[in-house]
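Read off the chains here:
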Amino acid sequence: MQMQSALELIYPAQCLSCSERVMDDFGLCGACWRETPFISGLVCDKCGVPMLGDSPGEAASLCDDCLSVARPWARGRSVLVYSGNARRIVLALKNGDRHDLARPAAGWMAAAARPILRDNSLIVPVPLHWMRLLKRRYNQAALLGQELSHQLKLAHCPDLLQRTRRTRRLDGLDREDRFRMVGGSIRVHPRRRHRIIGRPVLLVDDVMTTGATLASCAEACLSAGAAEVNVLTLARVAKDG
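These numbers come from a predicted model, not from an experiment.

Looking at the overall build of the protein
The number of helices and strands found in the protein is nine helices and seven strands. In the protein, which comprises 241 residues, the share counted as buried stands at 48%. Within the protein, counting contacts between residues at least 6 apart in sequence, those at least 24 apart form 72% of the total. Summed over all atoms, the accessible surface of the protein reaches about 12,600 Å², with 51% contributed by carbon and sulfur.

Quick notes on the sheet that holds strand β1 (residues 76-81)
Strand order in the open sheet formed by five strands is β1-β7-β6-β2-β3, with parallel pairing between adjacent strands. What marks the edges here is a single partner per strand, and that holds for β1 and β3 (155-156). Here strand β2 (residues 122-125) pairs with β3 via two bridges, running parallel. Counted as the bridge partner of I123 is H156 from β3. The strands that helix α7 (residues 140-152) touches are β2, β3, β6 (200-208) and β7 (228-236); relative to β6, the one it contacts most, it runs at about 130°.

Considering helix α4 (residues 84-95)
Its 12 residues place the ends of α4 16 Å apart at the C-alpha level, agreeing with the 16 Å of an ideal helix rising 1.5 Å per residue. For α4, the elements touching its buried residues are α2 (30-34), β1, α5 (102-113), α7, β6 and β7. Looking one or two residues past α4, D97 carries a phi angle of roughly 60°, positive in sign.

Brief notes about the environment of L80
Following the sequence through the fold, L80 ends up in strand β1. Overall, the relative accessible area of 0% leaves L80 in the buried class. With 31 residues separating them along the chain, L80 and V49 place their C-alpha atoms 8.6 Å apart. If we ignore the near neighbours within four places in the chain, the residues touching L80 are T36, P37, F38, I39, A86, W108, L234, A235 and R236.

Some details on the pairing of β2
Residues L122 and V124 line one face of β2 and the alternating positions I123 and P125 line the opposite face, and both faces are buried. Two strands pair when backbone bridges link them, and β2 and β6 are joined in this way by four bridges, in the parallel orientation. When the sheet's bridge partners are listed, V124 is paired in β6 with L203.

Considering the nonpolar core
By size, the foremost hydrophobic cluster in this structure holds 36 residues, and its most contacted members are M109, L144, L148 and L234. Discounting residues that sit within four places of it in the chain, L234 has contacts with S78, V79, L80, V90, L93, A105, W108, M109, L144, D205 and D206. Of all hydrophobic cores here, the second largest spans 28 residues; its members include W73, C157, I186 and C221.

Things to note about the pattern of salt bridges
Counted according to the given criterion, the structure contains seven salt bridges. Notably, a salt bridge pairs D100 with R98, separated by 2.9 Å at the nearest N-O pair. For D100, a relative accessible area of 33% puts it in the partly exposed group. A cluster of three or more residues bridged by salt bridges with shared partners is formed by D45, R75 and R77.

Things to note about the packing of α5 against α7
Packing of α5 against α7 leaves a shortest axis separation of 8 Å and a crossing angle of 60°. Here α5 lies oblique to α7, going by the angle between them. Taken as a pair, α5 and α7 cross one another with a handedness that is right-handed. On α7, the residues touching A102, R103, A105, A106, G107, M109 and A110 of α5 are L143, L144, E147, L148, Q151 and L152. Taken together, the residues of the contact of α5 with α7 sort by class into nine nonpolar, two polar and two charged.

Observations concerning α7
Under the 1.5 Å per step criterion, the end-to-end length of α7 is 18 Å for 13 residues, consistent within 8% with the ideal 18 Å. By the burial criterion, the buried members of α7 are Q140, A141, A142, L143, L144, G145, L148, S149 and L152. Where α7 starts, the residue carrying a side-chain oxygen 3.0 Å from the main-chain nitrogen of A141 turns out to be N139. Directly after α7, the chain includes K153, whose backbone phi takes a positive value near 60°.

The rules behind these values
Residues numbered from 1 in each chain as written. Predicted model: local features only at pLDDT ≥ 70, side-chain atom pairs only at ≥ 80, totals over all residues. Heavy atoms only, no water. Helix = DSSP H or I, 4+ residues; strand = E, 2+ residues; numbered from the N terminus. Buried < 20%, exposed > 50% of the residue type's maximum accessible area, 1.4 Å probe, protein only. Contact = heavy atoms within 4.5 Å. Areas by Shrake-Rupley, 256 points an atom, 1.4 Å probe, with all protein chains shown as cover. Pairing = 2+ DSSP bridges. Axes fitted to C-alpha atoms, helices over the stretch in contact; angles between N-to-C directions. Expected span 1.5 Å × (residues − 1). Core = buried A, V, L, I, M, F, W, Y, C linked by side-chain atoms within 4.5 Å. Salt bridge = Lys/Arg side-chain N within 4 Å of Asp/Glu carboxyl O. Parallel < 35°, antiparallel > 145°, perpendicular 65-115°, else oblique. Left-handed = near helix turned anticlockwise from the far one by under 90°. Nonpolar A, V, L, I, M, F, W, Y, C, P; charged D, E, K, R; others polar. Polar contact = N/O pair within 3.5 Å; in protein donor to acceptor, adjacent residues only side chain to side chain.

Structure (structure tokens):
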């Protein structure tokens, strides 16, 4: 206890976003918490985007996107609307070497995932192409998956999925271009297929925009024998208004 107190004096807990002092490790200060758009209330059952309604945890309907686009997965949830401070947190994890963000982010994701969790689900991160992984040095989805595995007590297979070709960055592409770009670019690792046959899969990624990449991953898992696929993302891009 004395050692812990001494460490707290030397290295006080800081806000994950702005580095202001906070009471507990891995938390946000009051100001940053208020500026971070956490999703609550009624949500789309396929992607977790917030919808009009007041019933926490309910998901009785689908958003416009999920009504107009076929989703190969069963259900989905997300933690944050991808804007403001949420966007800064995601980009810090993705491009800023902020590995420390994976633990609290996974805690938020674990809470959001409870309505869609299945017994014996295998946590599977969305993969990076090996060339992009070599450049970035880590896969942020795999970091989230590893932390989720610890917190949910579920198995994690970080290399179950592979990208068979390198695609250009999807930023700025519309829905049709995104689906065309990633279609057929992901497969199940031949030596890992036995791990999902007849088993539910929980796909994990940092952000869902159109769902093109998640759809390609889900289709690969289902084609390889997965019993069901659900998706969980840290953030969801939502339309204004």
